Amino acid sequence: MSALDLALRCAGADGFALDITERLSLTGVTAVFGASGSGKTTLLECVAGLRAPEPGSRIAFDDETWVDTGHSLPPWRRGIGYVFQDARLFPHLDVRGNLTYGQRRKVSAKGPTLAQVCAWLGLQDLLHRAPDTLSAGQRQRVSMGRALLAAPRLLLLDEPLANLDGDSRRQCLAALRHAIAASRIPALYVSHDAEEVSHLADRLLILAAGRVTEHGSMLDLSSRIDSALAKDEQAAAIVHCQLAAHDSPFGLSELHCEGNSLWVNHLPGEIGSLHRLRIPARDVSLCRELPRDTSILNILPVQLDEIEPGDAPRLLVRLRAGEQFLLARITRKSATALQLKVGDKLFAQIKSTALLTETAEPA
Amino acid sequence: MTAAELDAVRLTLALAGTTTLILMLLGTPLAWWLSRRRGNLPALVEALVAMPLILPPTVLGFYLLLMLAPDSAVGALWQRLTGQQLAFSFSALVIGSVIYSLPFVVQPLQAAFARVPTTLLQAAATLGATPLDQFRSVVAPLCRRSFLVAACLGFAHTVGEFGVILMIGGNIPGETRVVSVALYDYVESLQFAEAHRLAGGLVVFSLLLLFLLYRNNGRPRADQQ
């Protein structure tokens, strides 16, 4: 397992100073999450060698020193792959020329083949196109393929979906996630979108004003009500579950989670495969009694674990379901009416359409 | 065309060719440096490069003549190394032409280089390209047309040079007597028919070269807007 050791100080673009001392274990995707101007891109540029941190900073990848006093390994010798927010494809090369640019310069004999990368990212039909004829989503997929073909030891992605929206964003996200998983290259993924982060990340590094405020596994941080992720309107818990059955007449699939059934839209997957569900807090409601005659399919018995303090009109509560946690955002009025307190046995109703499913690497 | 005129044409083409080659080799790194730097030193160098555009050729020629004279440091060193006098030689013409035509090569290249986004070079760097490789694989293809423009302008301008040549080269047949000088001789001696031949030839040549250059407006690239 690789690790990135950071002792970084760097003046940012708009007044804040990045100040990070952290050891990142690099497995899967580590999301770097924070508001605009929190230093996410500055961090990535320092790691890539595109920006020089202040003297005294240190960056080491495994036992290879990238930055130290009087020493800075240039970007072209760091063995990284960078996917920029603005794609940055070479306008004088077609898609194939862009894809193979890094491949022709790689030092390692490893790395995926052109055919593999095209299959992961759906680029087969684009190879002879010029970059300026591509859609924004296609450009980002080509940019991702170009980075992967350079056989990097570390992928750096700087909000690659920021310029996309709607379907194009969803498709590109799915393609990127698939390619990252298939290539098995650890990634640092910068984003300010909580939903994107929970789709992709295994680990999470949260920045605020240039400093690390939280760092840990996605599963732990996503179920905390005091995390920066929870502040987001998109706050959601992530639960692991197993595909139990397909219910073809109704077009649904059944998942098992902590001994309970959850119904989701038909999942193309094998029975027994592991999945990660994202359950948005705003789509979870609470009842004291097991609801009957309801159109809501997914009802889990839970125990109230934590209530967000404060006097905001809406508050977040954490619910324990077996070994896992859900979040629910409810009004303070309801919390008072139900006389909610820690330890209460409740039923959580989840709108089935709110369940976003995704395959996950076995944990 | 007389043998002397042919000699003058041959000499002119040799001078322009040699000068252009040297200018492209010197001008490319100089233009790159100027396009990526800000500050007093680059500004001063940029001003020096542009000087031949506004100075009378005679001023440039006068100082070059002093510099290349056998009793100057440069002239003496040249004589010791090659055994030949530098002033009034073909080599002196090349040195003078390189300085005189420098802005015609450096300025279009510098403008084109400045339009190559640094972000593309960063992308190339993260993909394993060293700075020289970035220049070869990204900058050069994006500025292909500007290289052509710079070479053509440098060549054409050297062909059309007169004042500097007369000051440092004199009028030695086969050595420094280029077309523009030969033309001047004809006019001085009122041989207008012969003068027409050379003057008309230069007009046609320059027009043709510039026409071909501007007609060749290919796909827009970094060196065009």
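All of these numbers come straight from a predicted model, not from anything done at the bench.

A.B. asks: Give me the overall build of chain B: which residues, what numbers.
C.D. replies: Regarding its fold elements, chain B presents 11 helices and 0 strands. Starting at the N terminus and ending at the C terminus, chain B contains elements arranged as α-α-α-α-α-α-α-α-α-α-α. Here chain B holds 225 residues, and 43% of them are scored as buried. Long-range contacts, defined as pairs at least 24 residues apart, comprise 72% of the intrachain contacts of chain B with a sequence gap of at least 6.

A.B. asks: Kindly report on unusual backbone geometry, identifying the contributing residues and their values.
C.D. replies: All names here are of chain A. Positive phi outside glycine occurs at Asp 293, with the angle close to 50°. Mapped onto the elements of the fold, Asp 293 is located in the loop between strand 16 (284-287) and strand 17 (298-307). Non-glycine residue Gln 339 carries a positive phi angle of around 50°. Of note, Gln 339 is situated in the loop between helix 9 (332-337) and strand 20 (345-350). Among the residues examined, Gln 339 registers a relative accessible area of 62% and is labelled exposed.

A.B. asks: So, the pattern of salt bridges: which residues are in play, and what are the values?
C.D. replies: Residues and elements named next belong to chain A. Per the stated rule, a full pass over the model turns up 24 salt bridges over all chains. In this structure, Glu 45 engages Arg 51 in a salt bridge whose closest nitrogen and oxygen atoms are separated by 2.9 Å. Judged by its relative accessible area of 28%, Arg 51 is partly exposed. Arg 58 is the salt-bridge partner of Asp 68, the closest N and O atoms lying 3.5 Å from each other. Taken together, the positions of Asp 68 in strand 5 (residues 64-68) and Arg 58 in strand 4 (residues 58-61) put the pair 10 residues apart, joining distant regions of the chain. Take Asp 68: its relative accessible area is 30%, and that puts it in the partly exposed class. Through salt bridges with shared partners, a single network forms among Arg 9, Asp 19, Glu 54 and Arg 211.

A.B. asks: Describe the packing of aromatic side chains, and please don't skip the residues or the numbers.
C.D. replies: Summed over the entire model, instances satisfying the criterion amount to 10 aromatic pairs over all chains. Ring centres of Phe 90 of chain A and Tyr 101 of chain A lie 4.5 Å apart, and the angle between their planes is 45°; this geometry places the pair in the tilted category. With Phe 90 of chain A in the loop between strand 7 (80-83) and helix 2 (95-103) and Tyr 101 of chain A in helix 2, this pair connects stretches of sequence that are 11 residues apart. Given the relative accessible area of 1%, Tyr 101 of chain A is considered buried. Consider the rings of Phe 113 of chain B and Phe 135 of chain B, whose centres lie 5.5 Å apart with planes at 75°: the pair is edge-to-face. Note that Phe 113 of chain B is positioned in helix 5 (residues 90-114) and Phe 135 of chain B in helix 7 (residues 131-142), a separation of 22 residues in sequence.

A.B. asks: Describe the interface of chain A and chain B, listing the residues and the values that go with them.
C.D. replies: With 18 residues of chain A at the contact, the number on the chain B side is 21 residues. Carbon and sulfur atoms supply 64% of the area buried between chain A and chain B, which totals about 1,700 Å² over both sides. Of all residues in chain A, Trp 76, His 92 and Arg 105 of chain A bury the most surface against chain B, accounting for 38% of the area lost on that side. Linking chain A with chain B are 1 salt bridge. Here Asp 133 of chain B ties to Arg 105 of chain A by a salt bridge, and the two come within 2.6 Å at their closest N and O atoms. Summed over the shared surface of chain A and chain B, the result is 7 residue pairs in polar contact (both at pLDDT 80 or more). Its residues assigned to classes, the side of chain A that touches chain B shows 12 nonpolar, 2 polar and 4 charged.

A.B. asks: Describe the environment of Cys 152 of chain B, and please don't skip the residues or the numbers.
C.D. replies: Residues and elements named next belong to chain B. Along the chain, Cys 152 turns up in helix 8 (residues 144-159). By relative accessible area, which is 15% here, Cys 152 ends up buried. Each C-alpha atom, one on Cys 152 and one on Ser 206, is 9.8 Å from the other, the two residues being 54 residues apart in sequence. Setting aside residues no more than four positions away along its own chain, Cys 152 makes contact with Leu 209 and Leu 213.

A.B. asks: Describe helix 5 (residues 166-183) of chain A, naming the residues involved and giving the relevant values.
C.D. replies: Residues and elements named next belong to chain A. Here helix 5 is 18 residues long and its end C-alpha atoms lie 26 Å apart, about the 26 Å a rise of 1.5 Å per residue gives. Within the sequence span of helix 5, burial applies to Cys 172, Leu 173, Ala 175, Leu 176, Ala 179, Ile 180 and Ser 183. In this structure, the buried side of helix 5 is in contact with strand 3 (29-33), helix 3 (114-121), helix 4 (136-149), strand 8 (154-158), strand 9 (187-191) and helix 6 (194-200).

A.B. asks: I'd like a rundown of the domain arrangement of chain A, residues and numbers included.
C.D. replies: Residue and element names in this part refer to chain A. Assigned domains of chain A: these are domain 1 (2-231) and domain 2 (236-358). Spacing between the C-alpha centres of domain 1 and domain 2 amounts to 32 Å. Taken residue by residue, the interface counts 15 residues in domain 1 and 17 residues in domain 2. In total, domain 1 and domain 2 occlude about 1,300 Å² of area from one another, counting both sides; carbon and sulfur atoms represent 53% of this. Broken down residue by residue, the surface that domain 1 buries against domain 2 is led by Leu 219, Ser 223 and Ile 225, which jointly contribute 45%. Arg 276 is the salt-bridge partner of Asp 202, the closest N and O atoms lying 3.9 Å from each other. Counting every contact that joins domain 1 to domain 2 gives 6 residue pairs in polar contact (both at pLDDT 80 or more). Of all elements in the fold, only helix 6 and helix 7 (218-222) reach the threshold of two or more residues within the side of domain 1 that touches domain 2. The element best represented in the side of domain 1 that touches domain 2 is helix 6, accounting for 5 residues. In the side of domain 1 that touches domain 2, the residues fall into 7 nonpolar, 4 polar and 4 charged.

A.B. asks: I'd like to hear about the environment of Glu 54 of chain A, residue by residue, with values.
C.D. replies: Residues and elements named next belong to chain A. Inspection of the secondary structure assignment puts Glu 54 in the loop between helix 1 (40-48) and strand 4. Counting along the chain gives 44 residues from Glu 54 to Cys 10, while the straight-line C-alpha distance between them is 5.3 Å. Setting aside residues up to four positions removed in sequence, Glu 54 forms contacts with Arg 9, Cys 10 and Ala 11.

A.B. asks: Tell me about the packing of helix 1 (residues 3-36) of chain B against helix 5 of chain B, and please be specific about residues and values.
C.D. replies: Residues and elements named next belong to chain B. Where helix 1 meets helix 5, the closest approach of the two axes is 6 Å, and the angle between their N-to-C directions is 40°. It follows that helix 1 is oblique to helix 5 by the angle criterion. The way helix 1 lies across helix 5 gives a crossing that is right-handed. Partitioned by chemical class, the residues of the contact of helix 1 with helix 5 number 21 nonpolar, 8 polar and 1 charged.

Cut-offs used in this document
Residues numbered from 1 in each chain as written. Chains lettered and ligands numbered in written order. Predicted model: local features only at pLDDT ≥ 70, side-chain atom pairs only at ≥ 80, totals over all residues. Heavy atoms only, no water. Helix = DSSP H or I, 4+ residues; strand = E, 2+ residues; numbered from the N terminus. Buried < 20%, exposed > 50% of the residue type's maximum accessible area, 1.4 Å probe, protein only. Contact = heavy atoms within 4.5 Å. Salt bridge = Lys/Arg side-chain N within 4 Å of Asp/Glu carboxyl O. Phe/Tyr/Trp six-rings, centres within 6.5 Å; stacked < 30°, edge-to-face > 60°. Buried area = accessible area lost by both parts, 1.4 Å probe. Polar contact = N/O pair within 3.5 Å; in protein donor to acceptor, adjacent residues only side chain to side chain. Nonpolar A, V, L, I, M, F, W, Y, C, P; charged D, E, K, R; others polar. Expected span 1.5 Å × (residues − 1). Domains from an automatic or database assignment. Axes fitted to C-alpha atoms, helices over the stretch in contact; angles between N-to-C directions. Parallel < 35°, antiparallel > 145°, perpendicular 65-115°, else oblique. Left-handed = near helix turned anticlockwise from the far one by under 90°.

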